[in-house]
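For reference, the chains in residue letters:
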Amino acid sequence: MSDDYEDDSPSVGRTAAAWVMPMITVLTALVIGLLAGAILGFIIFRGDTTTQIVQQELTNEELDALCAVKVDEAVGVAADELTVAQERVATLQDDVFGKEREVAEMEAEMTRRAERGRALSAEVIQLREQLEAARSELTTLKGELAAAVEEKEELFVQLRFTEEQLAEQRVETSVAREDALSFKWQTFVTASQLEVCEKGGRRRMGRCRETVTEFVASFRTEFEHCIRSGQEMPALQEAERNTEVLPMFAKWIDQDERITRDWYVLLCDPTLPEADGWDAPGR
């Protein structure tokens, strides 16, 4: 009997091992599959991630520094040069008139002396030399006068051209400011959407953003006045529960709309005038 027991033991051990090893393999594969499914489900259903790129906006001072050119200074320089040229022309004209008068008197004196028969005297010869010198000076002065007049005309044309450049630059600056104002408004609208519509599904978020955009549109005129008058850009704020009195210059968006209830826009002083440079070109 002992021999039979010893012969059967190895057979029983091999049978148990053949049964246990497949079970371990199946359980391991099952665990790995569950982990992979959980990770994949988390990746798929974790929700959309929205990345917002906030662009740095330029202040009015930075915009003016980028857009403005020193055309005003050029206009002043051109005007000063034209004034100097005009004064030089006037001085040369006086010199020419004086020299012409001198030449005419000398010619008259030459005629009188010639009539008295002293054409060959030393005084007549000296007077003739003076007359020739005066005529030469007169020719030189006339040439200088012509050059001065031409220079004055060129400076006048340059002044007009510089003034036209200044007018064009003012138009470009005005357009650039309006573009910056439009950018600030779009930034305000986007920020309002993000503040109010924090959570929700894609359809709900889309409806919420449309509602916010529709109601804040009524504040655009007041928003632009704040920017043009050099005050702080309006901001969207959420009031505490049961708030009845808002801060100065603040307005509710719409208390009857569930989405915008308890939200208000903090505006600026509407009585302050707009800063210079915001007038439309040609006004």
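The structure displayed is predicted, hence computed values, not measured ones.

Asks: So what exactly am I meant to see when it comes to the overall build of the protein chain here?
Replies: For the protein chain, the helix and strand inventory stands at six helices and three strands. For the protein chain, with 283 residues in total, the buried portion stands at 25%. Long-range contacts, defined here as pairs at least 24 residues apart, represent 71% of the contacts in the protein chain between residues at least 6 apart. Entry remark: accessible area of the protein chain is about 20500 Å², with carbon and sulfur atoms responsible for 55%.

Asks: Quick question: what am I supposed to make of the state of the cysteines here?
Replies: Scanning the model with the defined rule gives two disulfides in all. Each sulfur in the disulfide pair Cys197 and Cys208 lies 1.9 Å from the other. What sets the handedness of the Cys197 and Cys208 disulfide is the S-S torsion sign, and at about -90 degrees it is left-handed. Residue Cys197 is located in the loop between α4 (122-196) and α5 (202-216), and its partner Cys208 is located in helix α5; the two are separated by eleven residues in the primary sequence. As far as burial versus exposure is concerned, Cys197 and Cys208 are alike and both buried. The disulfide partner of Cys226 is Cys268, and the gap between their sulfur atoms is 2.0 Å. Of note, the bridge from Cys226 to Cys268 carries an S-S torsion of about -100 degrees and is left-handed in sense.

Asks: What exactly am I supposed to notice about unusual backbone geometry here?
Replies: The phi angle of most residues is negative, glycine excepted, and most peptide bonds adopt the trans form. Phi at Asn242 takes a positive value of approximately 65 degrees, unusual for a residue other than glycine. Inspection of the secondary structure puts Asn242 in the loop between β1 (235-238) and β2 (250-252). Its relative accessible area of 69% is what places Asn242 among the exposed residues.

Asks: So what exactly am I meant to see when it comes to the environment of Glu198 here?
Replies: Its place among the elements puts Glu198 in the loop between α4 and α5. For the pair Glu198 and Cys208, spaced ten residues apart in sequence, the C-alpha to C-alpha distance is 9.5 Å.

Asks: Can you walk me through the sheet that holds β1 in this structure?
Replies: One key point about sheets: their strands pair by backbone hydrogen bonds, in either a parallel or an antiparallel sense. Reading across the sheet, the three strands line up as β1-β3-β2 and stay open at both edges, with antiparallel pairing between neighbours. Of all strands in the sheet, those with a lone pairing partner are β1 and β2, marking the two edges. Ignoring strand direction, the axes of neighbouring strands in this sheet form an average angle of 30 degrees. Both β1 and strand β3 (residues 263-266) contribute to a ladder of four bridges, which runs antiparallel. In the sheet register, Leu236 faces β3, and the bridge partner there is Val265.

Asks: Hey, could you run me through the environment of His225 in this one?
Replies: Following the sequence through the fold, His225 ends up in helix α6 (residues 220-228). In the structure, His225 is positioned 48 residues away from Pro273 in sequence and 8.5 Å away in space, judged by C-alpha atoms. In contact with His225, not counting residues within four places along its chain, are Gln231, Cys268, Asp269, Pro270, Leu272 and Glu274. Among the polar contacts listed, one links the side chain of His225 to the backbone oxygen of Pro270, at a separation of 3.4 Å.

Asks: How do you make sense of the packing of aromatic side chains when you look at a structure like this?
Replies: Working definition: an aromatic ring pair is given by the centre-to-centre distance plus the angle between the planes. Scanning the entire structure with this criterion turns up four aromatic pairs. With centroids separated by 5.6 Å and ring planes inclined at 35 degrees, the aromatic side chains of Trp185 and Phe188 adopt a geometry described as tilted. Taken together, the residues Trp185 and Phe188, both in helix α4 and three residues apart, mark about one turn of the helix. By relative accessible area, which is 4% here, Phe188 ends up buried.

Asks: I'm lost on the pairing of β3 in this one. Help?
Replies: In regular strands, side chains alternate between the two faces of the sheet. In the sheet, β2 pairs with β3 via three bridges, with the strands oriented antiparallel. If you follow Lys251 over to β3, its bridge partner there is Val265.

Asks: How should the pattern of salt bridges be read in this particular structure?
Replies: Pairing is possible between side chains of opposite charge, provided their charged atoms come close. Counting across every chain of the model gives six salt bridges. Of the charged contacts, one joins Glu178 and Arg228 as a salt bridge, the two residues approaching to 2.9 Å between their closest N and O atoms. Of this pair, Glu178 sits in helix α4 while Arg228 sits in helix α6, and the two are 50 residues apart along the sequence. Note that Glu224 is salt-bridged to Arg228, the shortest N-O span being 3.4 Å. Of the two residues, Glu224 and Arg228 are both situated in helix α6; the distance of four residues between them amounts to about one turn of the helix. Just as Glu224 is buried, Arg228 falls in that class too. What emerges from the salt-bridge pattern is a single network uniting Glu178, Arg220, Glu224 and Arg228.

Conventions we followed
Residues numbered from 1 in each chain as written. Predicted model: local features only at pLDDT ≥ 70, side-chain atom pairs only at ≥ 80, totals over all residues. Heavy atoms only, no water. Helix = DSSP H or I, 4+ residues; strand = E, 2+ residues; numbered from the N terminus. Buried < 20%, exposed > 50% of the residue type's maximum accessible area, 1.4 Å probe, protein only. Contact = heavy atoms within 4.5 Å. Areas by Shrake-Rupley, 256 points an atom, 1.4 Å probe, with all protein chains shown as cover. Disulfide = S-S within 2.5 Å. Pairing = 2+ DSSP bridges. Axes fitted to C-alpha atoms, helices over the stretch in contact; angles between N-to-C directions. Polar contact = N/O pair within 3.5 Å; in protein donor to acceptor, adjacent residues only side chain to side chain. Phe/Tyr/Trp six-rings, centres within 6.5 Å; stacked < 30°, edge-to-face > 60°. Salt bridge = Lys/Arg side-chain N within 4 Å of Asp/Glu carboxyl O.

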